Amino acid sequence: MKQDAGENREKLLIGISSCLVGEKVRFDGGHKQNRYILDTLGGYFSFRPFCPEMAIGLGVPRETIRLVDRDGKVEAVGNKNPQRNFTSQLIDIAQQQAHWHRQVFGYIVKKDSPSCGMERVRLYRGDLPKRDGIGVYTRTLMENFPTLPVEEEGRLADPVLRESFVKRVFINKRWQDMVANGLDWAALTDFHARHKLILYSHDQDLGRKLGRELAAAHSQPVAEYAPVYLAQMVAILRIFAKRSNHVNVLEHIRGYLKQDLDKSDKQELTDSIENYRLGLLPLIVPITLLRHHFRRNPNAYIERSYYLQPHPDELMLLNSL
Ligand code: SF4
(Lines give C-alpha, C1' and ligand atoms only; values in the text may rest on other atoms or scores of the structure.)
Protein backbone atom coordinates (compact mmCIF):
# COMPACT_ATOMS: atom_id res chain seq x y z
CA MET A 1 0.00 0.00 0.00
CA LYS A 2 2.83 2.37 0.87
CA GLN A 3 4.30 4.30 -2.04
CA ASP A 4 8.00 4.71 -2.64
CA ALA A 5 9.46 7.55 -0.60
CA GLY A 6 13.03 6.99 -1.79
CA GLU A 7 15.07 9.35 -3.91
CA ASN A 8 14.93 6.95 -6.88
CA ARG A 9 11.19 7.20 -7.23
CA GLU A 10 9.74 7.88 -10.66
CA LYS A 11 8.71 11.52 -10.92
CA LEU A 12 5.51 12.30 -12.77
CA LEU A 13 5.80 14.77 -15.62
CA ILE A 14 3.69 17.91 -15.09
CA GLY A 15 3.29 20.85 -17.47
CA ILE A 16 3.73 24.23 -15.83
CA SER A 17 3.71 27.95 -16.62
CA SER A 18 7.39 28.90 -16.96
CA CYS A 19 7.18 31.89 -14.62
CA LEU A 20 6.20 29.54 -11.74
CA VAL A 21 9.51 27.70 -11.89
CA GLY A 22 11.44 30.99 -11.79
CA GLU A 23 12.01 31.70 -15.46
CA LYS A 24 12.08 35.46 -16.05
CA VAL A 25 9.43 35.47 -18.74
CA ARG A 26 6.79 37.79 -17.32
CA PHE A 27 5.86 41.01 -19.14
CA ASP A 28 8.16 42.97 -16.79
CA GLY A 29 11.07 40.54 -16.96
CA GLY A 30 10.22 39.04 -13.57
CA HIS A 31 9.03 35.63 -12.47
CA LYS A 32 6.57 34.13 -9.98
CA GLN A 33 8.60 31.26 -8.62
CA ASN A 34 6.54 29.07 -6.30
CA ARG A 35 8.60 27.32 -3.64
CA TYR A 36 5.85 24.90 -2.58
CA ILE A 37 5.56 23.58 -6.12
CA LEU A 38 9.32 23.31 -6.62
CA ASP A 39 10.39 22.08 -3.17
CA THR A 40 7.47 19.92 -2.06
CA LEU A 41 5.64 18.77 -5.18
CA GLY A 42 9.02 18.68 -6.94
CA GLY A 43 9.92 15.66 -4.83
CA TYR A 44 7.33 13.69 -6.80
CA PHE A 45 6.78 15.69 -9.99
CA SER A 46 9.17 16.77 -12.71
CA PHE A 47 8.19 19.89 -14.60
CA ARG A 48 7.91 20.78 -18.29
CA PRO A 49 7.83 24.62 -18.29
CA PHE A 50 6.21 26.53 -21.12
CA CYS A 51 5.44 30.23 -21.61
CA PRO A 52 2.90 30.75 -24.39
CA GLU A 53 3.51 34.50 -24.66
CA MET A 54 7.25 34.01 -25.16
CA ALA A 55 6.53 31.17 -27.57
CA ILE A 56 4.48 33.39 -29.86
CA GLY A 57 7.42 35.79 -30.06
CA LEU A 58 6.56 38.39 -27.46
CA GLY A 59 9.76 39.28 -25.67
CA VAL A 60 10.46 40.83 -22.28
CA PRO A 61 9.59 43.44 -21.37
CA ARG A 62 6.33 43.45 -23.34
CA GLU A 63 2.97 45.12 -23.40
CA THR A 64 0.47 43.38 -21.14
CA ILE A 65 -2.48 41.52 -22.63
CA ARG A 66 -6.11 41.56 -21.54
CA LEU A 67 -9.13 39.46 -22.38
CA VAL A 68 -11.98 41.31 -24.02
CA ASP A 69 -15.46 40.18 -24.93
CA ARG A 70 -16.23 41.33 -28.48
CA ASP A 71 -19.81 40.41 -29.31
CA GLY A 72 -19.61 37.20 -27.31
CA LYS A 73 -16.18 36.25 -28.69
CA VAL A 74 -13.34 36.27 -26.15
CA GLU A 75 -10.10 37.69 -27.51
CA ALA A 76 -6.65 38.37 -26.06
CA VAL A 77 -5.56 41.86 -27.11
CA GLY A 78 -2.92 44.41 -26.19
CA ASN A 79 -3.79 46.40 -23.10
CA LYS A 80 -2.63 49.68 -24.61
CA ASN A 81 -3.07 48.70 -28.26
CA PRO A 82 -6.31 46.72 -28.40
CA GLN A 83 -5.98 46.46 -32.18
CA ARG A 84 -3.13 43.98 -31.56
CA ASN A 85 -4.94 40.65 -31.34
CA PHE A 86 -3.01 37.62 -30.08
CA THR A 87 -5.92 35.18 -29.82
CA SER A 88 -5.26 32.94 -32.80
CA GLN A 89 -1.51 32.88 -32.10
CA LEU A 90 -2.17 31.69 -28.54
CA ILE A 91 -4.63 29.05 -29.74
CA ASP A 92 -2.21 27.87 -32.45
CA ILE A 93 0.73 27.66 -30.04
CA ALA A 94 -1.39 25.56 -27.66
CA GLN A 95 -2.38 23.25 -30.53
CA GLN A 96 1.28 22.86 -31.51
CA GLN A 97 2.16 21.66 -27.99
CA ALA A 98 -0.39 18.82 -28.06
CA HIS A 99 2.37 16.25 -28.70
CA TRP A 100 3.82 16.82 -25.22
CA HIS A 101 0.56 17.83 -23.56
CA ARG A 102 -0.60 14.25 -24.08
CA GLN A 103 2.47 13.02 -22.16
CA VAL A 104 1.97 15.02 -18.96
CA PHE A 105 -0.09 13.74 -16.01
CA GLY A 106 -1.21 17.18 -14.88
CA TYR A 107 -0.67 20.86 -15.53
CA ILE A 108 -0.13 23.80 -13.15
CA VAL A 109 -0.89 27.24 -14.58
CA LYS A 110 -0.42 30.81 -13.43
CA LYS A 111 -3.57 32.39 -12.06
CA ASP A 112 -5.02 35.64 -13.45
CA SER A 113 -3.06 35.42 -16.70
CA PRO A 114 -5.02 36.10 -19.93
CA SER A 115 -2.91 33.36 -21.51
CA CYS A 116 -2.42 30.84 -18.67
CA GLY A 117 -5.22 31.43 -16.13
CA MET A 118 -7.61 28.52 -15.59
CA GLU A 119 -10.59 30.48 -14.25
CA ARG A 120 -11.69 33.88 -12.96
CA VAL A 121 -9.39 35.80 -15.29
CA ARG A 122 -10.44 39.45 -15.81
CA LEU A 123 -12.60 39.61 -18.93
CA TYR A 124 -13.44 43.13 -20.12
CA ARG A 125 -16.82 44.10 -21.48
CA GLY A 126 -16.22 47.73 -22.28
CA ASP A 127 -14.19 49.13 -19.39
CA LEU A 128 -15.76 46.80 -16.86
CA PRO A 129 -13.82 43.63 -16.03
CA LYS A 130 -15.64 40.56 -14.73
CA ARG A 131 -13.74 37.66 -13.25
CA ASP A 132 -15.15 35.00 -15.51
CA GLY A 133 -12.47 34.56 -18.17
CA ILE A 134 -10.13 31.66 -18.98
CA GLY A 135 -6.64 32.20 -20.41
CA VAL A 136 -6.60 31.47 -24.14
CA TYR A 137 -3.73 28.97 -24.04
CA THR A 138 -5.13 27.05 -21.07
CA ARG A 139 -8.65 27.07 -22.49
CA THR A 140 -7.31 25.37 -25.63
CA LEU A 141 -5.30 22.90 -23.53
CA MET A 142 -8.39 21.98 -21.46
CA GLU A 143 -10.58 21.65 -24.56
CA ASN A 144 -8.05 19.30 -26.14
CA PHE A 145 -7.51 17.25 -22.95
CA PRO A 146 -10.70 17.51 -20.89
CA THR A 147 -9.70 14.79 -18.42
CA LEU A 148 -6.23 16.20 -17.70
CA PRO A 149 -5.90 17.51 -14.11
CA VAL A 150 -5.25 21.27 -14.43
CA GLU A 151 -4.83 23.59 -11.47
CA GLU A 152 -3.64 27.13 -10.70
CA GLU A 153 -0.76 27.81 -8.34
CA GLY A 154 -2.97 30.15 -6.27
CA ARG A 155 -5.59 27.46 -5.70
CA LEU A 156 -2.88 25.02 -4.59
CA ALA A 157 -2.68 27.07 -1.38
CA ASP A 158 -6.11 25.64 -0.46
CA PRO A 159 -5.65 22.25 1.29
CA VAL A 160 -8.77 20.70 -0.28
CA LEU A 161 -7.95 21.83 -3.83
CA ARG A 162 -4.30 20.88 -3.40
CA GLU A 163 -5.15 17.37 -2.23
CA SER A 164 -7.71 16.99 -5.00
CA PHE A 165 -5.23 18.01 -7.71
CA VAL A 166 -2.40 15.76 -6.51
CA LYS A 167 -4.80 12.84 -6.07
CA ARG A 168 -6.12 13.29 -9.62
CA VAL A 169 -2.56 13.42 -10.98
CA PHE A 170 -1.70 10.09 -9.34
CA ILE A 171 -4.97 8.54 -10.53
CA ASN A 172 -4.27 9.82 -14.04
CA LYS A 173 -0.84 8.18 -13.91
CA ARG A 174 -2.36 4.87 -12.84
CA TRP A 175 -4.95 5.16 -15.62
CA GLN A 176 -2.25 5.80 -18.25
CA ASP A 177 -0.22 2.86 -16.91
CA MET A 178 -3.25 0.60 -17.14
CA VAL A 179 -3.89 1.63 -20.76
CA ALA A 180 -0.20 1.23 -21.65
CA ASN A 181 -0.12 -2.26 -20.12
CA GLY A 182 -3.04 -3.44 -22.23
CA LEU A 183 -6.59 -2.40 -21.57
CA ASP A 184 -9.11 -5.19 -21.05
CA TRP A 185 -12.24 -5.68 -18.95
CA ALA A 186 -10.32 -7.36 -16.13
CA ALA A 187 -7.90 -4.42 -15.89
CA LEU A 188 -10.68 -1.83 -15.96
CA THR A 189 -12.76 -3.72 -13.39
CA ASP A 190 -9.72 -3.96 -11.11
CA PHE A 191 -8.98 -0.26 -11.60
CA HIS A 192 -12.52 0.59 -10.52
CA ALA A 193 -12.36 -1.74 -7.50
CA ARG A 194 -9.15 -0.07 -6.33
CA HIS A 195 -10.54 3.45 -6.73
CA LYS A 196 -14.19 3.10 -5.83
CA LEU A 197 -13.80 4.13 -2.18
CA ILE A 198 -12.11 7.31 -3.38
CA LEU A 199 -15.04 7.88 -5.75
CA TYR A 200 -17.50 7.26 -2.89
CA SER A 201 -15.72 9.94 -0.84
CA HIS A 202 -16.61 12.41 -3.60
CA ASP A 203 -20.12 11.17 -4.40
CA GLN A 204 -21.32 7.78 -3.26
CA ASP A 205 -24.39 7.63 -5.54
CA LEU A 206 -22.44 8.55 -8.66
CA GLY A 207 -19.60 6.19 -7.71
CA ARG A 208 -22.03 3.29 -7.33
CA LYS A 209 -23.81 4.23 -10.56
CA LEU A 210 -20.48 4.20 -12.41
CA GLY A 211 -19.75 0.74 -11.00
CA ARG A 212 -23.14 -0.54 -12.25
CA GLU A 213 -22.56 0.99 -15.69
CA LEU A 214 -19.13 -0.61 -15.87
CA ALA A 215 -20.59 -4.02 -15.01
CA ALA A 216 -23.28 -3.63 -17.69
CA ALA A 217 -20.92 -2.36 -20.40
CA HIS A 218 -19.18 -5.64 -21.20
CA SER A 219 -21.18 -6.22 -24.38
CA GLN A 220 -19.30 -3.41 -26.11
CA PRO A 221 -15.57 -3.21 -26.92
CA VAL A 222 -13.62 -2.10 -23.85
CA ALA A 223 -11.71 0.48 -25.91
CA GLU A 224 -15.02 2.15 -26.74
CA TYR A 225 -16.28 2.23 -23.15
CA ALA A 226 -13.00 3.22 -21.43
CA PRO A 227 -13.12 6.91 -22.49
CA VAL A 228 -16.75 7.09 -21.27
CA TYR A 229 -15.69 5.63 -17.92
CA LEU A 230 -12.72 8.01 -17.68
CA ALA A 231 -14.85 11.10 -18.36
CA GLN A 232 -17.37 10.08 -15.69
CA MET A 233 -14.70 9.19 -13.16
CA VAL A 234 -13.00 12.57 -13.66
CA ALA A 235 -16.36 14.34 -13.29
CA ILE A 236 -16.92 12.56 -9.94
CA LEU A 237 -13.40 13.39 -8.74
CA ARG A 238 -14.05 17.06 -9.47
CA ILE A 239 -16.92 17.07 -6.96
CA PHE A 240 -15.88 18.47 -3.59
CA ALA A 241 -15.16 15.54 -1.22
CA LYS A 242 -17.22 16.47 1.83
CA ARG A 243 -16.28 15.50 5.38
CA SER A 244 -19.57 13.57 5.72
CA ASN A 245 -18.69 11.50 2.63
CA HIS A 246 -15.28 10.64 4.11
CA VAL A 247 -17.02 9.64 7.35
CA ASN A 248 -19.27 7.25 5.40
CA VAL A 249 -16.25 5.68 3.69
CA LEU A 250 -14.28 5.42 6.96
CA GLU A 251 -17.24 3.71 8.64
CA HIS A 252 -17.60 1.37 5.68
CA ILE A 253 -13.91 0.41 5.96
CA ARG A 254 -14.25 -0.01 9.73
CA GLY A 255 -16.89 -2.66 9.00
CA TYR A 256 -14.19 -4.96 7.58
CA LEU A 257 -12.57 -5.05 11.05
CA LYS A 258 -15.76 -6.01 12.90
CA GLN A 259 -14.54 -9.48 13.84
CA ASP A 260 -10.94 -8.47 14.51
CA LEU A 261 -10.93 -5.66 17.06
CA ASP A 262 -11.53 -5.82 20.79
CA LYS A 263 -13.91 -3.43 22.49
CA SER A 264 -11.36 -0.74 23.33
CA ASP A 265 -9.81 -0.76 19.82
CA LYS A 266 -13.30 -0.47 18.35
CA GLN A 267 -14.09 2.44 20.66
CA GLU A 268 -10.82 4.19 19.82
CA LEU A 269 -11.52 3.88 16.10
CA THR A 270 -15.11 5.06 16.50
CA ASP A 271 -13.93 8.07 18.55
CA SER A 272 -11.33 8.94 15.98
CA ILE A 273 -13.87 8.90 13.12
CA GLU A 274 -16.33 10.89 15.23
CA ASN A 275 -13.68 13.48 16.12
CA TYR A 276 -12.82 13.77 12.44
CA ARG A 277 -16.53 14.27 11.69
CA LEU A 278 -16.64 17.07 14.28
CA GLY A 279 -13.59 18.75 12.77
CA LEU A 280 -11.47 18.08 15.87
CA LEU A 281 -9.01 15.81 14.05
CA PRO A 282 -7.68 15.78 10.49
CA LEU A 283 -8.43 12.90 8.13
CA ILE A 284 -4.93 11.47 8.50
CA VAL A 285 -5.72 10.38 12.10
CA PRO A 286 -8.52 7.84 11.45
CA ILE A 287 -6.73 6.79 8.28
CA THR A 288 -3.50 6.08 10.19
CA LEU A 289 -5.45 4.11 12.78
CA LEU A 290 -7.18 2.07 10.09
CA ARG A 291 -3.86 1.35 8.38
CA HIS A 292 -2.48 0.18 11.69
CA HIS A 293 -5.37 -2.26 12.22
CA PHE A 294 -5.20 -3.58 8.67
CA ARG A 295 -1.47 -4.23 9.05
CA ARG A 296 -2.39 -6.54 11.92
CA ASN A 297 -5.54 -7.88 10.27
CA PRO A 298 -4.85 -7.89 6.53
CA ASN A 299 -7.75 -7.66 4.12
CA ALA A 300 -7.07 -8.18 0.41
CA TYR A 301 -9.70 -5.70 -0.79
CA ILE A 302 -8.66 -2.88 1.54
CA GLU A 303 -4.98 -3.61 0.90
CA ARG A 304 -5.53 -2.96 -2.81
CA SER A 305 -7.76 0.08 -2.37
CA TYR A 306 -6.08 3.45 -2.87
CA TYR A 307 -8.39 5.21 -0.41
CA LEU A 308 -6.07 4.72 2.57
CA GLN A 309 -3.02 5.72 0.50
CA PRO A 310 -4.08 8.04 -2.34
CA HIS A 311 -0.68 9.75 -2.57
CA PRO A 312 2.65 9.67 -0.70
CA ASP A 313 2.42 10.47 3.04
CA GLU A 314 5.42 12.77 2.74
CA LEU A 315 3.25 15.31 0.90
CA MET A 316 1.14 15.48 4.09
CA LEU A 317 -2.00 16.22 2.09
CA LEU A 318 -4.36 14.39 4.44
CA ASN A 319 -3.00 16.30 7.44
CA SER A 320 -4.96 19.44 6.54
CA LEU A 321 -8.26 17.87 5.52
S1 SF4 B 1 1.61 33.53 -16.87
FE2 SF4 B 1 1.98 32.29 -18.69
S3 SF4 B 1 2.25 33.79 -20.32
FE4 SF4 B 1 2.49 34.89 -18.38
S5 SF4 B 1 4.68 34.84 -17.96
FE6 SF4 B 1 3.79 33.09 -16.92
S7 SF4 B 1 4.04 31.43 -18.38
FE8 SF4 B 1 4.30 33.31 -19.53
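Above this text you will find the structure in question.
Cut-offs and rules
- Residues numbered from 1 in each chain as written.
- Predicted model: local features only at pLDDT ≥ 70, side-chain atom pairs only at ≥ 80, totals over all residues.
- Heavy atoms only, no water.
- Helix = DSSP H or I, 4+ residues; strand = E, 2+ residues; numbered from the N terminus.
- Buried < 20%, exposed > 50% of the residue type's maximum accessible area, 1.4 Å probe, protein only.
- Contact = heavy atoms within 4.5 Å.
- Lys, Arg positive; Asp, Glu negative; His and termini not counted.
- Charge placed at Lys NZ, Arg CZ, Asp CG, Glu CD.
- Pairing = 2+ DSSP bridges.
- Axes fitted to C-alpha atoms, helices over the stretch in contact; angles between N-to-C directions.
- Core = buried A, V, L, I, M, F, W, Y, C linked by side-chain atoms within 4.5 Å.
- Near = heavy atom within 4 Å.
- Nonpolar A, V, L, I, M, F, W, Y, C, P; charged D, E, K, R; others polar.
- Salt bridge = Lys/Arg side-chain N within 4 Å of Asp/Glu carboxyl O.
- Parallel < 35°, antiparallel > 145°, perpendicular 65-115°, else oblique.
- Left-handed = near helix turned anticlockwise from the far one by under 90°.

Along the backbone of the chain there are 13 helices and 8 strands. For the chain, the spread of C-alpha atoms along the principal axes amounts to about 75 × 45 × 40 Å. Taking all 321 residues of the chain together, 47% fall into the buried category. Long-range pairs, those at least 24 residues apart, make up 66% of the contacts in the chain with a sequence separation of at least 6. On the chain, the mean spot of the 46 positive side-chain charges and the mean spot of the 39 negative ones are 2 Å from each other.

What follows covers the sheet that holds strand 7 (residues 128-133). As a general point, the strands of a sheet are linked pairwise by backbone hydrogen bonds and lie either parallel or antiparallel. An order of 4-3-6-7 is seen for the 4 strands of this open sheet, with the pairing classed as mixed. In this open sheet, the two edge strands, each paired with only one partner strand, are strand 4 (73-78) and strand 7. Taking each pair of neighbouring strands and ignoring which way they run, the sheet shows an average axis angle of 45°. One ladder, built from 5 bridges, connects strand 6 (residues 121-125) with strand 7; its direction is antiparallel. Its bridge partner lying in strand 7, Val 121 is registered against Gly 133.

Our next topic: the pairing of strand 5 (residues 106-109). Here strand 5 shows no split at all, with Gly 106 and Ile 108 on one side and Tyr 107 and Val 109 on the other all buried. Across 3 bridges, the pairing between strand 1 (residues 12-17) and strand 5 is parallel. Looking across to strand 5, one finds that Ile 16 is bridged to Ile 108. Of the strand pairs in this sheet, strand 5 and strand 8 (residues 150-152) are connected by 3 bridges, and their pairing is parallel. What sits directly across from Val 109, in strand 8, is Glu 152.

Below, the discussion takes up the sheet that holds strand 5. Across the sheet, 4 strands lie side by side as 2-1-5-8; this open sheet has parallel pairing. The open sheet has two free edges, formed respectively by strand 2 (45-50) and strand 8, since each of these has just one partner strand. Within the sheet, the average angular offset between the axes of one strand and its neighbour, ignoring direction, is 25°. Seen against the sheet, helix 6 (residues 159-180) touches strand 1, strand 2, strand 5 and strand 8 and runs at an angle of roughly 155° to strand 8.

Moving on, we get to the nonpolar core. In this structure, Trp 175, Leu 188, Tyr 229, Met 233, Ile 253 and Tyr 307 are the most contacted members of the largest nonpolar core, which totals 43 residues. Secondary structure elements with two or more residues in this core: helix 6, helix 7 (185-202), helix 8 (204-216), helix 9 (222-237), helix 10 (243-254), helix 11 (263-277) and helix 12 (284-296). Counting residues per element, this core draws most heavily on helix 9, which supplies 9 residues. When residues no more than four places from it in sequence are discounted, the contact partners of Leu 188 are Trp 175, Met 178, Leu 183, Leu 214, Val 222, Tyr 225 and Tyr 229. Counting 25 residues, the second-largest nonpolar core is a separate cluster that includes Val 104, Leu 123, Tyr 137 and Phe 145.

With that settled, the discussion passes to the site of the ligand. Cys 19, Cys 51, Glu 53, Lys 110 and Cys 116 are the nearest of the 13 residues found near the ligand. Grouping the constituent residues of the shell around the ligand by class yields 6 nonpolar, 3 polar and 4 charged.

This part covers the pattern of salt bridges. As a working rule, side chains carrying opposite charge can pair if their charged atoms are close by. Taken as a whole and assessed by the stated rule, the structure comprises 19 salt bridges. Note that Arg 304 and Asp 190 form a salt bridge whose closest N and O atoms lie 2.5 Å from each other. Pair noted here: Arg 304 is in helix 13 (residues 300-304) and Asp 190 is in helix 7, with a separation of 114 residues, a long-range link. The network of salt bridges with common partners includes Glu 10, Lys 173 and Asp 177.

In this section: the packing of helix 11 against helix 12. Where helix 11 meets helix 12, the closest approach of the two axes is 8 Å, and the angle between their N-to-C directions is 155°. Relative to helix 12, the element helix 11 lies roughly antiparallel. For helix 11 against helix 12, the interelement crossing comes out left-handed. Residues Asp 265, Glu 268, Leu 269, Ser 272, Ile 273 and Tyr 276 of helix 11 form the contact with helix 12, whose participating residues are Val 285, Pro 286, Leu 289, Leu 290 and His 293. Counted by class, the contact of helix 11 with helix 12 contains 7 nonpolar, 2 polar and 2 charged residues.

This paragraph deals with unusual backbone geometry. Note: most peptide bonds trans; most residues except glycine with negative phi. A cis amide bond, omega -10°, links Val 60 with the succeeding residue Pro 61. Residue placement: Pro 61 occurs in the loop between helix 2 (52-55) and strand 3 (65-70). A positive phi angle, close to 55°, is found at Asp 71, a residue other than glycine. Its place among the elements puts Asp 71 in the loop between strand 3 and strand 4. Assessed through its relative accessible area of 82%, Asp 71 is described here as exposed. Located in the positive-phi region is Arg 120, a residue other than glycine, with phi close to 55°.

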